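Structural overview for review
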Amino acid sequence: MRNGFKFNGRHSSEFDVTVRTKSRPIRPEAKSFTIDLPSRDGEYDFSLSNPQNREHFYDRTFIVTLSLYAENLMKMQNKLMEISKWLTGRGALIFDDIPSVIWNGKITDEIIYMPEHDGRKAVLEVSFRVQPFGSCIFGTEGPVMDCAEVHLDSTIPIDFDELYTVSAANGQSINIINFGDRPIRPVITITGGASDMTLRMNGKTLDFSAGGDVVVDCEKQTVTNANGSVMVSGEFPELQPGGNVLHVGNSNSDTLTFDISFTPQFMYGADLDNLDWGDNYA
């Protein structure tokens, strides 16, 4: 399959190469933790025995081949020098046929070229090791105005920038849509006078006491305010794909502002024109 791509801010078309996809798994390999007892039939599978009660996955590998041509061997070597500088290290990887998803990829294997036609043609095989899931090209800040991947007739709400900055007081709830298809751990910034607080969502409860503005980073599992780290008890919540309800408990009656920040993740690709926002987004 022919397919161009962008890596580290530069597109394959800049190097006058023909790109073919050799291997692009649509699902990564799941991590497995099993115990095989000689006195029992089968195995005991503990793959879901973790705080998130779900599978976790290994990185996956995407392989592409690049074909390039030159008038002579010297010009071919000059092209190869430029490509060698481009295909180095870690960076954002975006395929032309899945432009709505960014992969965090790196090149670790050596890249060997096979010369043909007296050195006037070269074929390179390039392996990208990418993290298990791709990230949407935009997060809860919303798409930029000139985002080519978002069409005028898409299902993305017009008031997108208001969906993830909402107000709530003690005993109230916040509806949060995770428009990706993978669980995600958000950053929740609370302003307006947090005190003794309880956050409950999807079976997880987090308690902490803090004054002033507070940042709850569910990925790093930290709570901080102007004075530094805050002691917590309980478990940090995780957003499931689709609708989520965050229940708020606060020891005073102040109405607080909650800014929910995350970048959705996808198993393989995202159809931004037909995302399911449900009936009760925030």
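Right above here is the structure, for reference.
Calculation criteria
- Residues numbered from 1 in each chain as written.
- Predicted model: local features only at pLDDT ≥ 70, side-chain atom pairs only at ≥ 80, totals over all residues.
- Heavy atoms only, no water.
- Patch = residues over 30% accessible without salt bridge, like charges linked within 9 Å, V, L, I, M, F, W, Y side chains within 5 Å.
- Areas by Shrake-Rupley, 256 points an atom, 1.4 Å probe, with all protein chains shown as cover.
- Salt bridge = Lys/Arg side-chain N within 4 Å of Asp/Glu carboxyl O.
- Helix = DSSP H or I, 4+ residues; strand = E, 2+ residues; numbered from the N terminus.
- Buried < 20%, exposed > 50% of the residue type's maximum accessible area, 1.4 Å probe, protein only.
- Core = buried A, V, L, I, M, F, W, Y, C linked by side-chain atoms within 4.5 Å.
- Contact = heavy atoms within 4.5 Å.
- Phe/Tyr/Trp six-rings, centres within 6.5 Å; stacked < 30°, edge-to-face > 60°.
- Pairing = 2+ DSSP bridges.

Our focus in this paragraph is a nonpolar patch on the surface. Together, Phe33, Ile35, Leu37, Tyr44 and Phe46 line one region of the surface with nonpolar side chains, adding up to about 430 Å² of accessible area. Its location among the elements puts leucine 37 in the loop between strand 4 (34–35) and strand 5 (44–45). Given a relative accessible area of 33%, leucine 37 falls into the partly exposed group.

Positive phi values are uncommon outside glycine, yet asparagine 8 reaches one of about 55 degrees. Looking at the secondary structure, you find asparagine 8 in the loop between strand 1 (5–7) and strand 2 (10–11). Its identity is not glycine, yet asparagine 202 carries a phi of approximately 50 degrees, on the positive side. Structurally, the position occupied by asparagine 202 is in the loop between strand 14 (187–201) and strand 15 (204–217).

Phe128, Ile190, Phe208, Val216 and Phe258 are the most contacted members of the largest nonpolar core, which has 66 residues in total. The element best represented in this core is strand 14, accounting for 6 residues. If we skip the residues at most four places from it in the chain, phenylalanine 258 touches Tyr164, Thr165, Val166, Ala168, Ile174, Ile188, Thr189, Ile190, Met197, Leu199 and Val248.

Applying the stated rule across the entire model yields 11 aromatic pairs. With a centroid separation of 6.3 Å and 55 degrees between ring planes, the pair formed by phenylalanine 5 and phenylalanine 95 is classed as tilted. Linking phenylalanine 5 in strand 1 with phenylalanine 95 in strand 7 (residues 90–95), this pair joins segments that are 90 residues apart in sequence. Note on phenylalanine 95: relative accessible area 2%, which makes it buried. With 5.1 Å between their ring centres and 90 degrees between their planes, phenylalanine 62 and tryptophan 103 make a pair best called edge-to-face. In this pair, phenylalanine 62 is assigned in strand 6 (residues 60–69) and tryptophan 103 in strand 8 (residues 101–106), connecting sequence segments 41 residues apart.

The next subject is the pattern of salt bridges. In total, this model carries 11 salt bridges according to the counting rule given. Two residues, glutamate 55 and arginine 27, come together in a salt bridge whose shortest N-O distance is 3.3 Å. Here arginine 27 lies in the loop between strand 3 (17–23) and strand 4 and glutamate 55 lies in the loop between strand 5 and strand 6, a separation of 28 residues in the sequence. What makes glutamate 55 partly exposed here is its relative accessible area of 32%. Of the residues examined, arginine 27 reaches a relative accessible area of 43% and is grouped as partly exposed.

As defined by bridge partners, strand 13 (residues 173–178) adjoins strand 19 (residues 242–250) across 6 bridges and the pair is classed as antiparallel. Opposite isoleucine 174, over in strand 19, you have leucine 246 as the bridge partner. Two strands pair when backbone bridges link them, and strand 14 and strand 19 are joined in this way by 4 bridges, in the antiparallel orientation. Following the sheet pairing, methionine 197 is matched in strand 19 by asparagine 250.

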